[in-house]
Amino acid sequence: MVEEGKRTLPKWADMSLVMLKIGLFTFGGGWSIVAQMQKEFVEKRGWLGEEELLDIVAIGRSFPGIMVVNTAVMLGYRIGGVGCAFLCAFGMAFPAFVVMAAVTTCYTAVRDNPWVARAMVGVRAVVVPIILSACLGMRKSAVRDRVGLGIAVLAFLGLLAGISNLYIIFLGGFVGLAVQTLLASRQAQPGQGEEKGGGEG
Amino acid sequence: MKTLLDLYLVFFKIGVCSFGGLSMIPVINEEMVRHGWMTLEEVADIIAFAEMTPGPLGINAATFAGMRAAGISGAVAANLGVMSLALTLCLAAAIFLARLRGNPYLERFTYGIRPVCIGVMLATCITMLPNYQNAAGAVAPGAVLIGAAALFLLVKRKWSIPKVMLVAAALGLVLGG
């Protein structure tokens, strides 16, 4: 046949190769990876619709874990079933694994070199600014009202007071669930839904 | 063997506690320091490396911590741990996708989670302040200066992270120590 060699790979193999590629060439995680998935699977191959991808991404984000791995698993299942879901997750993670294993080996070997140590003082100093700028970037979408602000402040104080992240995070989730459910049920009935007490965190 | 199991379980917990991007940092910091797998300095280093190499932070951190604690097999155990939840919970979610679509309870839950992420991330910045001290515990003016410059470049000038890192490394050679 004439088209031989063009796309003779089975779907699962093609898909895991694309995941490998995305995992290898996409820096910065998150949204840039989703954009790649959109291009490869929706535009080029037409394996699923735009809206379906957005649904998958929305759920992948609200579930705990690594957002892009969550998305890869769901996408893999949707296109090729359970086996494909596993392949996609491992394909996505593999390049980062190899690169990081190499970096760790080098790091362990050179970290005591005085010049490297000096450069690392500078690199390390950038980490707090990175976290701060990420907080600034998500400030508006994450803290939408006074309840959100209250939850953020209590979480901040809680972690500094030595409470474990696990408890703080899930407590925050349930407070959000309770507050929003209460507001929704109040709005369904006549009366005002604006006033509320501070979230207990 | 016990170390491998510990790595798996701790990274499983890290997976459970993280909701998107850098919100993973507070848990990684807490667990690594508690288990003695990394110092505070090393946690900062791994975040820096993760931002400069491809792939998600969770995989990078699992590989780094696993390798340092127990070699390649440790890295595999930690990676399986951090991905386990995706391979079970998200697989189930994909199977029941139609029912989850636009579920209000899921949205209300994340409404509470997002501000928590900001709160614990800011708190982690405070616990990381020793990165701005020298070995004797005094404030290191060079590191403070580099930090302030980096914040300016990231927020005001919108530089990319790898670019800021390179500049910071060069400045560190001059001012560090």
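Note that this is a predicted model, so its numbers are computed, not measured. (Residues numbered from 1 in each chain as written. Chains lettered and ligands numbered in written order. Predicted model: local features only at pLDDT ≥ 70, side-chain atom pairs only at ≥ 80, totals over all residues.)

Moving on to the overall build of chain B. Along its length, chain B carries eight helices and zero strands. In sequence order, chain B lays out its α and β elements as α-α-α-α-α-α-α-α. Overall size of chain B, expressed as C-alpha extent along the three principal axes, is 55 × 40 × 25 Å. Put simply, chain B has 177 residues, and 55% of those count as buried. Taking the contacts inside chain B whose residues are at least 6 apart along the sequence as the reference set, 57% of them involve residues at least 24 apart. (Helix = DSSP H or I, 4+ residues; strand = E, 2+ residues; numbered from the N terminus. Buried ≥ 20, exposed ≤ 12 C-beta atoms within 10 Å, placed from the backbone. Contact = placed C-beta atoms within 7 Å.)

To continue, consider the domain arrangement of chain A. The figure often quoted for interface size is the accessible area lost as the parts come together. As far as domains go, chain A holds domain 1 (11-122) and domain 2 (139-188). Each of domain 1 of chain A and domain 2 of chain A has a C-alpha centre, and these two points are 29 Å apart. (Domains from an automatic or database assignment.)

Looking now at unusual backbone geometry. Even without glycine at this site, Lys158(B) takes up a positive phi of about 55 degrees. Turning to its location among the elements, Lys158(B) is positioned in the loop between α7 (141-155) and α8 (161-175).

In this section: helix α6 (residues 127-142) of chain A. Residue and element names in this part refer to chain A. Over its 16 residues, α6 runs 21 Å from end to end, which matches the ideal 22 Å to within 8%, given 1.5 Å per residue. Largest kink in α6: about 30 degrees, centred on leucine 136. For α6, the set of buried residues is Val127, Val128, Pro129, Ile130, Ile131, Ser133, Ala134, Cys135 and Ala142. (Expected span 1.5 Å × (residues − 1). Bend = angle between axes of the 7 residues up to and from the residue.)

Taken residue by residue, the interface counts 83 residues in chain A and 91 residues in chain B. The set of elements that each furnish at least two residues to the side of chain A that touches chain B consists of α1 (11-25), α3 (50-62), α4 (67-110), α5 (114-124), α6, α7 (146-160) and α8 (165-188) of chain A. Each residue belonging to the side of chain A that touches chain B can be placed in one class, and the counts come to 58 nonpolar, 19 polar and six charged. (Nonpolar A, V, L, I, M, F, W, Y, C, P; charged D, E, K, R; others polar.)

Once that is clear, we can look at the confidence of the model for chain B. The predicted model of chain B averages 89 in pLDDT, with 98% of residues at 70 or higher. The ipTM for the predicted assembly is 0.85, set against a pTM of 0.80. (pLDDT = per-residue confidence, 0-100.)

This part is about the domain arrangement of chain B. Residues and elements named next belong to chain B. As assigned here, chain B comprises domain 1 (2-131) and domain 2 (133-177). For domain 1 and domain 2, the distance between their C-alpha centres works out to 25 Å. On the side of domain 2, five residues touch domain 1, which itself brings five residues to the contact. Classifying every residue of the side of domain 1 that touches domain 2 by side-chain character gives three nonpolar, one polar and one charged.

What follows is about the confidence of the model for chain A. Residue and element names in this part refer to chain A. This prediction gives chain A a mean pLDDT of 84; 88% of its residues lie at or above 70. Ranking the elements of chain A by mean pLDDT puts helix α2 (residues 30-44) last with 80 and α7 first with 94. Overall, residues 192-201 carries pLDDT values under 50, and its contacts beyond four positions in sequence, including any with other chains, amount to 19 contacts.

Another point: the nonpolar core. In terms of nonpolar packing, the biggest core is built from 126 residues, with Val69(A), Val73(A), Cys88(A), Ala89(A), Val126(A) and Ala168(B) touching the most fellow members. Residue contacts for Ala168(B): discarding those within four places in its chain leaves Gly122(A), Val123(A), Ala125(A), Val126(A), Ile146(B) and Ala150(B). (Core = buried A, V, L, I, M, F, W, Y, C linked by C-beta atoms within 7 Å.)

Bringing the packing of α6(A) against α7(B) into the picture now. One way to put it is that α6(A) packs onto α7(B) with a least axis distance of 9 Å and a crossing angle of 35 degrees. Crossing of α6(A) over α7(B) shows right-handed handedness. Touching Val128(A), Pro129(A), Ile130(A), Leu132(A), Ser133(A) and Leu136(A) of α6(A) are Gly147(B), Ala150(B), Leu151(B), Leu154(B) and Val155(B), all from α7(B). (Axes fitted to C-alpha atoms, helices over the stretch in contact; angles between N-to-C directions. Left-handed = near helix turned anticlockwise from the far one by under 90°.)

What follows deals with the environment of Met74(A). Mapped onto the fold, Met74(A) is located in helix α4. Met74(A) gets classed as buried once you count the C-beta atoms within 10 Å, which come to 29. When the C-alpha positions of Met74(A) and Ala85(A) are compared, they lie 6.6 Å apart, and in sequence the two are 11 residues distant. Excluding anything up to four places from it in sequence, Met74(A) contacts Ile56(A), Ile59(A), Gly60(A), Cys90(B), Ala93(B) and Ala94(B).

This part is about the environment of Ala125(A). Note that Ala125(A) resides in the loop between α5 and α6. For Ala125(A), the contacting residues outside a window of four places in its chain are Asn131(B), Tyr132(B), Ala143(B), Ile146(B), Gly147(B), Ala150(B) and Ala168(B).

Turning to the environment of Met67(B), a few remarks are in order. With respect to the secondary-structure elements, Met67(B) resides in helix α4 (residues 57-95). Separated by 100 residues in the primary sequence, Met67(B) and Val167(B) place their C-alpha atoms 28 Å from one another.

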